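Examining the three-dimensional arrangement
Listed below are the residues making up each chain.
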Amino acid sequence: MALTLFYITSAVAIFATVMMITRLNAVHGLLYLILSLLAVGVLFFLLGAQFAAVLEVIIYAGAIMVLFVFVIMMLNQGQQTINQEQAWLQPGIWVGPSLLASILFAEMLVIVMSGGDAETGYIVNAKQVGIALYGPYLLAVELASMLLLAGLVGAYHLAKPILKIRKPERNS
Amino acid sequence: MNGIPMEHGLLLSAVLFALGLAGVLARRNLIMMLMSMEVMFNATGLAFIVAGSRWGQADGQVMFLLILTLAAAEVGVGLGLVLQIFRRFHTLDADSLNGMKG
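Residues numbered from 1 in each chain as written. Chains lettered and ligands numbered in written order. Predicted model: local features only at pLDDT ≥ 70, side-chain atom pairs only at ≥ 80, totals over all residues. Heavy atoms only, no water.

Quick notes on empty space enclosed by the protein
Residue and element names in this part refer to chain B.
- All chains considered together, the criterion is met by 1 cavity of 30 Å³ or more.
- The computed volume of the largest cavity comes to approximately 40 Å³.
- Those elements giving two or more residues to the lining of the largest cavity turn out to be α2 (30–55) and α3 (59–89).
- A per-element tally of the lining of the largest cavity places α2 first, with 3 residues.
- Looking at the lining of the largest cavity residue by residue, the class counts come to 4 nonpolar, 6 polar and no charged. (1 Å grid on protein atoms, 1.4 Å probe; cavity = no way out; pocket = protein on both sides within 12 Å on 5 of 7 lines; lining within 4 Å. Points joined across faces, edges and corners; volume = space filled by probe spheres on them. Helix = DSSP H or I, 4+ residues; strand = E, 2+ residues; numbered from the N terminus. Nonpolar A, V, L, I, M, F, W, Y, C, P; charged D, E, K, R; others polar.)

What about the packing of aromatic side chains?
- One pass over the full model with this rule turns up 2 aromatic pairs over all chains.
- Measuring from centroid to centroid gives 5.5 Å for F6 of chain A and Y7 of chain A, while their planes differ by 70°, and the two rings are edge-to-face.
- On the basis of an interplanar angle of 80° and a centroid distance of 5.0 Å, the ring pair of F44 of chain A and F64 of chain B is categorised as edge-to-face. With F44 of chain A in helix α2 (residues 26–46) and F64 of chain B in helix α3, the pair connects residues from two separate chains. Like F64 of chain B, F44 of chain A is buried.
- One cation-aromatic arrangement involves R54 of chain B over W55 of chain B; the distance from NZ or CZ to the ring centre is 4.4 Å. (Phe/Tyr/Trp six-rings, centres within 6.5 Å; stacked < 30°, edge-to-face > 60°. Buried < 20%, exposed > 50% of the residue type's maximum accessible area, 1.4 Å probe, protein only. Lys NZ or Arg CZ within 6 Å of the ring centre and 35° of its normal.)

Comments concerning the interface of chain A and chain B
- Listed per partner, the contact involves 57 residues of chain A and 55 residues of chain B.
- Both sides of the chain A and chain B interface together cover about 5,100 Å² of buried area, and 81% of this is carbon and sulfur.
- Looking only at chain A, the three residues that lose the most surface to chain B are L47, Y60 and L75 of chain A, adding up to 13% of its buried area.
- Counting across the chain A and chain B interface gives 0 salt bridges.
- Counting across the interface, chain A meets chain B through 8 residue pairs in polar contact (both at pLDDT 80 or more). (Contact = heavy atoms within 4.5 Å. Buried area = accessible area lost by both parts, 1.4 Å probe. Salt bridge = Lys/Arg side-chain N within 4 Å of Asp/Glu carboxyl O. Polar contact = N/O pair within 3.5 Å; in protein donor to acceptor, adjacent residues only side chain to side chain.)

Some points on the packing of helix α1 (residues 6–26) of chain B against α2 of chain B
Residue and element names in this part refer to chain B.
- Between α1 and α2, whose axes approach to 8 Å, the crossing angle comes to 165°. By the criterion of interaxial angle, the relationship of α1 to α2 is roughly antiparallel. Once α1 is placed against α2, the crossing between them reads as left-handed. Of the residues in α2, those touching α1 at M6, G9, L10, L12, S13, L16, F17, G20, L21, G23 and V24 are M33, S36, M37, V39, M40, A43, T44, L46, A47, V50 and R54.
- Considering only residue class, the contact of α1 with α2 consists of 15 nonpolar, 6 polar and 1 charged. (Axes fitted to C-alpha atoms, helices over the stretch in contact; angles between N-to-C directions. Parallel < 35°, antiparallel > 145°, perpendicular 65-115°, else oblique. Left-handed = near helix turned anticlockwise from the far one by under 90°.)

From the geometry alone we can't say anything about function, so treat these as descriptive.
Listed below in structure tokens is the structure:
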């Protein structure tokens, strides 16, 4: 059963990625990208990496996609945006992503109905990952924290001039 | 043994990576290029998870966590750069940024 689910999810992931690349509008592409990430999250679950699957959904499809949505919304302004939003509310654009999401949801239901076990053989749980992370990979964790700090400082430094310009506009 | 053959998982990872690479090469919108890069990061993470699942070790997921950290930092800095580029050039076209200072 896990094999069938694996091939269905792979097809969903590849189809969503192809649709993402060929969309002309960035927001439509973003919808399909989220579907692609969710499909890969299901694949992680099927491969026995539940911890990675949860992180994929929370961080990739949650946090990073929110960043993309914010930037896309910041770059679209004026009457053009209103016309765009009117066009987006028409049915037809979100039907494709909804269909793919319902396929993934049906797979989840199948897994839950069959007892929550996807017959994946070897399951690496979060405890083993944590022990490995804070044992032999301690230096890598330190480096990752340094990388995140550098990313934080860099993002702040790059966005700071924009924030400075926005403030006088509000006062006048 | 795992029910999912490792070759198919790695093949899927390669296909997703190639699709992301095609997106970076073909699209000129900076946001779409960043999104295609996310797909490539994701495909790399999938390859690590497949290998970790094949050998039953936690190292694959540890490497996926590091890739996740890298992707988060890259997106933060990349989107900051996109905001700066849009503010200065009023476009998101990567081909319009072909001049260097000096």
